[in-house]
Structures are given as structure tokens and as C-alpha cells.
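Take a look at the letters that make up each chain.
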Amino acid sequence: MKTLAKSFSKINLLLVAICLFWSCGQDDEFLSALESQEVVLRESTKDTIVYTLVDNHQIPIYLSIPEGCKNENYPAVVVMHGSDGMWINHDIASGKMSGQNSEWRELFDANCMVGAFVDSYSGRGVSTRTGKWATAPDNFKISSQFIRPRDAYAALELLRKLKFSDGSNVVRAKDVGLLGFSDGASAVASTLYDTDNTPADWEWSQSFDGKEYDTSSGVQPPSPRPENGFAGGVFYYGGSGGYNYWGASPCGNNALEGNIFVPYAPMLYQIPAEGYLSENTLCLVNVLQQKGMPVELKLYEGVGHGFDFDDNNQSTVARMNALNWFKKILHIED
């Protein structure tokens, strides 16, 4: 068992390295074969960057630990960034997250929640989901349907291994939520997909520009539903078509029977009325509600895609709704 102080520290946990953001550089040594199964935080540790190994890629996770709280342990939220990545100027070396992520980090701190911000791009050599990264087959490397959920579960595992120096858990194991924006919202939904619902004869495929890809060309099945997964997720203005990954279009006549997506945990959909990805998500929410799934919808008039980081009243209201929803599912008392 290793202790994380305000210096570089080597540990295990499917991890290759862990370090404070002000002390790590490109020449850090990465290890993967240590014996410790716990990550111990000293009381002085607040913000850290952890590198976790997912499919042989070093995936950074920015951890924020609340200050000024007297909790014995904390609820937590794993955050999945949008298509533009997680860092200011796409520069992980700065250790500084973009304004949107930094604002949510402050919101978590104010509400005594641990934040785990997952960078699915830089460790895979991607800055933004544009150009070749927006279409197959390159898109498969950062797929929000079958790759990014693995990052989310790696973060969940990390949070459940965090310990204080007295041996107590930093995070309440059952009180971990999931939050995502745009492409990250699609990753939230995919992470929460109930794989027990997959038909026995289902063949996983996706369609890009009229061409179909299957498992022989890089499409992969989703991460299996864990025995103890996330408590629930908040979905901000993402798309829900999944390039036909889930079968029939959620807006099609056969959606009730032909679209197999159902979540294993409750979801809050935060959708802008004028968002360019809103239509198929609104259709999916309607289908899920007809199926009796535990999903809630908040529709925001007068705003479009990306409204969370805009300076408007809808963003403020939506953030309050999201935090109140997390308080409910993560058993947070005011």
C-alpha cells in the first residue's frame, strides 16, 4: 500500500502512475506491476491526476477532493467530456481543465462531492473528435458506444479503491454517479446500458455515411453490466442514434421493438429545445418512458447544443437540477 502525498507516488490498481498535477511531467516513470490494491490519500491531497491503464492506453483522470467538508466519506461523480476534450488549449501538460470542467469541479467541491474527470482522448493520441475522428473506422478508437464506457468503469474502480490514511474509504462505493456532455453524454448512456437486455442473436454493428461496419471491421460489443455499477447518470445534449448501434432509430416506427437500448440505472436527460442532436434523444426518452424505464427529462427552451457552458439562465437552472438529482440518487443530505 502506497501513500499519496504532495509528490510523485507509485501505486497499483490497474494503474500505471499517479501524481499531483503540479509535479508531473512527460518524463514520469509509469509502472504497472506493483502489489498495492489501495490508493491512500493524505488529508492535504486535493487535486491529482491519475493515469489508469485501459486497453494499453494511459488514460488521465483528474481527481478533485472537496475542501472544508467534514464527511467521513463522500459521494462522487465521474465526468465524461465532450468532443473538444477536457483541457485548456488541449494541453494536458498544463494540468488545467477547460472552463466548463473547472466550473463543475467547483460545484462538486461546494456540494462535498468527489469529482473524477476522465480524459478519453489524449492517451489515445486524439485532441478533438473532428476530422477523421468523427467517422469510421478511426472513430472506433474513441467510440462513445464501446470504448469510452471502459474509461468510465476504470474511474469507478479507482474511486472505490481510494482510502484515507486511517484506512477508511474516501468514496461511498454505492454512491457514484455519472455525468457527460455531448459525445460524453452518449458515453454516459452507453456505460449505463443494461447488457442483460441484449437479444441472444444480436450482432453489433454501426453505420457511417451509408456504409455498415461490424465486429470484423472494428465495432465491439459494449462493456458488460457490472454487478455493482453506477447509481445513475446525467445526460447533457448528446445524440442517441449511436450510428444504429442500438438497432432501429429511436424516432422510427419500430423503435419500441427494434431499439434495444435500456439503462440499468436511472438517468436525467438535460436537453435543449434547439439542439441539433435533440430530436433523436427526445424520441429515445419517449421510448424509454413507454418501456417504464427510470428516466427523467428536463427540456430547456431558447438554448441549443453546448448551453451548459454558456452564460445564460438555462445553464444555471440545469446545473441546479443536475446537482439536486445527484443529491437524490447519491443520498446526499442538505
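Details of the structure are given in the entry above.
Throughout, a residue's number is its position along its own chain's written sequence, starting from 1. Selection of residues for local features in this predicted model requires a pLDDT of at least 70, selection of side-chain atom pairs for listing and counting requires 80 or more, and totals for whole chains, interfaces and linings are taken over all residues. Side-chain numbers come from the whole structure's heavy atoms, not from hydrogens or water.

**Considering helix α3 (residues 183–191)**
Residue pairs three or four apart in sequence face the same way in an α-helix, which turns once every 3.6 residues.
Line of reasoning, step 1. Where burial is concerned, most of α3 is hidden: nine out of the nine residues are buried.
Line of reasoning, step 2. Contacts were defined at the residue level, with two residues in contact if any of their heavy atoms lie within 4.5 Å. Numbering of helices and strands runs from the N terminus; a helix is a DSSP stretch of H or I covering at least four residues, while a strand is a stretch of E covering at least two. Packed against the buried residues of α3 are β6 (74–80), α2 (148–161), β9 (171–181), β12 (232–236) and β13 (267–272). To sort residues, take the accessible area from a 1.4 Å probe on protein chains only and compare it with the maximum for the residue type: under 20% means buried, over 50% means exposed, and anything in between is partly exposed.

**Some thoughts on the packing of aromatic side chains**
Describing an aromatic ring pair means giving the distance of the ring centres and the angle of the ring planes.
Line of reasoning, step 1. Only Phe, Tyr and Trp rings take part, Trp by its six-membered ring, and two of them pair if their centres are within 6.5 Å. Stacked means planes under 30 degrees apart, edge-to-face means over 60, and tilted covers everything else. A complete count under the given rule lists 30 aromatic pairs for this structure.
Line of reasoning, step 2. Relative to Phe117, the ring of Phe108 lies with its centre 5.9 Å away and its plane at 45°, an arrangement referred to as tilted. Accessibility assignment for this pair places Phe108 and Phe117 in one class, buried.
Line of reasoning, step 3. Grouping aromatic residues by their ring pairs yields a cluster made of Phe140, Phe146, Tyr193, Trp202, Trp204, Phe208, Tyr213, Tyr243, Tyr245, Trp246 and Phe261.

**Thoughts on empty space enclosed by the protein**
Line of reasoning, step 1. The rule is simple: put a 1 Å grid over the protein atoms alone, call a set of points where a 1.4 Å probe fits but cannot get out a cavity, call an open set with protein on both sides within 12 Å along at least five of seven lines a pocket, and count a residue as lining if it has an atom within 4 Å of a point. Grid points are joined across faces, edges and corners, and a volume is the space filled by probe spheres set on the points. Scanning all chains against the criterion turns up two cavities of 30 Å³ or more.
Line of reasoning, step 2. Roughly 90 Å³ of volume is contained in the largest cavity.
Line of reasoning, step 3. Lining the largest cavity are 13 residues, with Ser186, Ala189, Gly239, Ser240 and Trp246 positioned closest to its centre.
Line of reasoning, step 4. Per-class residue counts for the lining of the largest cavity are six nonpolar, seven polar and no charged.
Line of reasoning, step 5. As for the second largest cavity, its lining consists of Arg129, Asn139, Ile142, Ser143, Ser144, Gln145, Asp183 and Tyr243.
Line of reasoning, step 6. As a working rule, the residues Ala, Val, Leu, Ile, Met, Phe, Trp, Tyr, Cys and Pro are called nonpolar, Asp, Glu, Lys and Arg charged, and the rest polar, with Gly in that last group. When grouped by side-chain class, the residues that make up the lining of the second largest cavity number two nonpolar, four polar and two charged.

**Looking at the packing of α2 against α3**
Line of reasoning, step 1. The contact between α2 and α3 brings their axes to 8 Å, and the two run at 70°. Relative to α3, the element α2 lies roughly perpendicular. Seen from α2, the contacting residues are Arg148, Pro149, Ala152 and Tyr153; seen from α3, they are Asp183, Gly184, Ala187, Ser190 and Thr191.
Line of reasoning, step 2. Partitioning the contact of α2 with α3 into residue classes produces four nonpolar, three polar and two charged. Axis geometry follows a simple rule: fit a line to the C-alpha atoms, using only the stretch in contact for helices, then measure angles between N-to-C directions, giving values from 0 to 180 degrees. Note that the term roughly parallel is reserved for angles under 35 degrees, roughly antiparallel for angles over 145, roughly perpendicular for angles of 65 to 115, and oblique for everything else.

**A few points about a negative patch on the surface**
Line of reasoning, step 1. A contiguous patch of negative charge, built from Asp201, Glu203, Glu212 and Asp214, is present on the exposed surface.
Line of reasoning, step 2. As for its position among the elements, Glu212 is in strand β11 (residues 211–214).
Line of reasoning, step 3. By relative accessible area, which is 56% here, Glu212 ends up exposed. Patch membership needs two things, relative accessible area over 30% and no salt bridge, and members are linked within 9 Å if like-charged or within 5 Å if nonpolar (Val, Leu, Ile, Met, Phe, Trp, Tyr). For every accessible area listed, the method is Shrake-Rupley and the probe measures 1.4 Å; residues are considered covered only by the protein chains on display. Salt bridges are identified by distance alone: a Lys or Arg side-chain nitrogen within 4 Å of an Asp or Glu carboxyl oxygen. Positive charge is attributed to Lys and Arg, negative charge to Asp and Glu, and no charge count is given to His or to the chain ends. A charged residue contributes its charge at one atom only: NZ of Lys, CZ of Arg, CG of Asp or CD of Glu.

**A look at helix α1 (residues 99–110)**
Line of reasoning, step 1. Between its first and last C-alpha, α1 extends 16 Å over twelve residues, near the 16 Å set by a 1.5 Å rise per residue.
Line of reasoning, step 2. For α1, the full list of buried residues reads Gln100, Asn101, Trp104, Arg105, Phe108 and Asp109.
Line of reasoning, step 3. Cys112 lies just past α1 and shows a positive phi near 55°. Here a helix's expected span is defined as the number of its residues, less one, multiplied by 1.5 Å.

**A closer look at the state of the cysteines**
Line of reasoning, step 1. The disulfide criterion is simple: two cysteine sulfur atoms within 2.5 Å. For the structure shown, the criterion picks out two disulfides.
Line of reasoning, step 2. For Cys69, the disulfide goes to Cys112, at an S-S distance of 2.1 Å. Taking the sign of the S-S torsion, about -90° here, the bridge from Cys69 to Cys112 comes out left-handed. Taken together, the positions of Cys69 in the loop between β5 (57–64) and β6 and Cys112 in the loop between α1 and β7 (114–118) put the pair 43 residues apart, joining distant regions of the chain.
Line of reasoning, step 3. The buried category is assigned to Cys69, whose relative accessible area is 17%.
Line of reasoning, step 4. Linked covalently through their sulfurs, Cys251 and Cys283 form a disulfide whose S-S length is 2.2 Å. In this structure, the disulfide formed by Cys251 and Cys283 twists by about 100° around the S-S bond and is classed as right-handed. Remark: Cys283 occurs in helix α5 (residues 278–290) and Cys251 occurs in the loop between β12 and α4 (255–258); sequence separation between them is 32 residues.

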